[in-house]
Amino acid sequence: MDLKEEFIKTSAHQLRTLLSSIKWVLASLKETGTGLTLEQKNAVGLAVENVNRMIAITSGMLDVAEVEKHSTLLKPEPVAIRAFVEEIVAESQLLAAEKKISIQTDIPKDFTITAVRRSLKQALANVIDNALRYSQKPESAVTISAAVDGKNAVIHISDQGIGMNEEESAGVFTKFF
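So, how was this worked out
Residues numbered from 1 in each chain as written. Predicted model: local features only at pLDDT ≥ 70, side-chain atom pairs only at ≥ 80, totals over all residues. Heavy atoms only, no water. Helix = DSSP H or I, 4+ residues; strand = E, 2+ residues; numbered from the N terminus. Expected span 1.5 Å × (residues − 1). Buried < 20%, exposed > 50% of the residue type's maximum accessible area, 1.4 Å probe, protein only. Arc of directions from axis to C-beta. Core = buried A, V, L, I, M, F, W, Y, C linked by side-chain atoms within 4.5 Å. Contact = heavy atoms within 4.5 Å. Pairing = 2+ DSSP bridges.

Colleague: Quick rundown of helix 4 (residues 117-133)? Include the residues and the values.
Modeller: In this model, helix 4 (17 residues) spans 24 Å end to end at C-alpha, consistent with the 24 Å of a helix rising 1.5 Å per residue. Among the residues making up helix 4, those that are buried are Leu120, Leu124, Ala125, Ile128, Asp129, Ala131 and Leu132. Looking down the long axis of helix 4, one finds its buried residues gathered within 155 degrees of arc, a one-sided arrangement.

Colleague: Could you give an account of the nonpolar core, with specific residues and numbers?
Modeller: Counting 25 residues, the largest nonpolar core has Ile81, Leu120, Leu132 and Ile144 as the members making the most contacts within it. At the level of elements, helix 3 (81-98), strand 3 (112-115), helix 4 and strand 4 (141-149) are the ones that each hand at least two residues to this core. In terms of residue count, the dominant contributor to this core is helix 3 (seven residues). In this structure leucine 132 touches Ser92, Leu95, Ala96, Lys99, Ile101, Ile103 and Val142, once residues within four positions along its chain are discounted. Of all hydrophobic cores here, the second largest spans six residues; its members include Leu19, Val44, Val48 and Val51.

Colleague: Explain the environment of threonine 37 to me, and be specific about the residues and the numbers.
Modeller: Inspection of the secondary structure puts threonine 37 in the loop between helix 1 (3-32) and helix 2 (38-68). The class for threonine 37 is partly exposed, based on a relative accessible area of 41%. Spatially, the C-alpha atom of threonine 37 lies 29 Å from that of asparagine 126, the residues being 89 residues apart in sequence.

Colleague: Which residues make up the pairing of strand 4, and what values do they have?
Modeller: Both strand 2 (residues 102-106) and strand 4 contribute to a ladder of five bridges, which runs parallel. Looking across to strand 4, one finds that isoleucine 103 is bridged to valine 142. Relative to strand 5 (residues 152-158), strand 4 is paired through seven bridges, and the arrangement is antiparallel. Its bridge partner lying in strand 5, valine 148 is registered against alanine 153. In this structure, the hairpin formed by strand 4 and strand 5 is closed by a connection of two residues, where glycine 150 is found at a positive phi of approximately 65 degrees.

Here it is, written out as C-alpha cells:
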C-alpha cells in the first residue's frame, strides 16, 4: 500500500469512527429531547442527517481508494428505484420541512435498474440535497421521476432553485466538483 492509499484509508476510518460517536450522541439527544424546543429538536435532527451524509462520504473515500488500486470492484445489483428513492426522500424530509419544500415522486412501482447501490444513493442524495438547499421559493416542490429512454434509465430531479450556468454544469461529473 502506498502512502496516499494508507493516508486515505486511515483518515476515512478515523473520521467514520468520530462521526459515529457524534451520531450516537445526537441520536440520543433527539430521542430524549427533554427541554428542547421544536426548533432545537429539528436542528438536532438535521445534524443527525448531516452526520449520516458525512459517514457516507467517508465510506465513499474508502471505495475510491479501493477502486483506484483495483483490489476490489463495486458490484452492480438490481435496485427497485421507487423504494430506493423513497428511502432517500425520507432521509431528506427534515431539511425539506425546514425549507417548506415538498418532495414529490413519480416513479413506476416496478421500475428496476442495475446499479452500484452505494454510488447511486450518494449521487441521488447529493442532487436532492442540492435541490432542497438551493431552492429559493418557500413552499416550492422538488419532483423526482424515472423513465426508460431507449436502453437507458433516466432519473429526473427538478426544482425551483437558482440553477447553474453552463460552466458549472460542465463540471458536474468531474472528480471532486
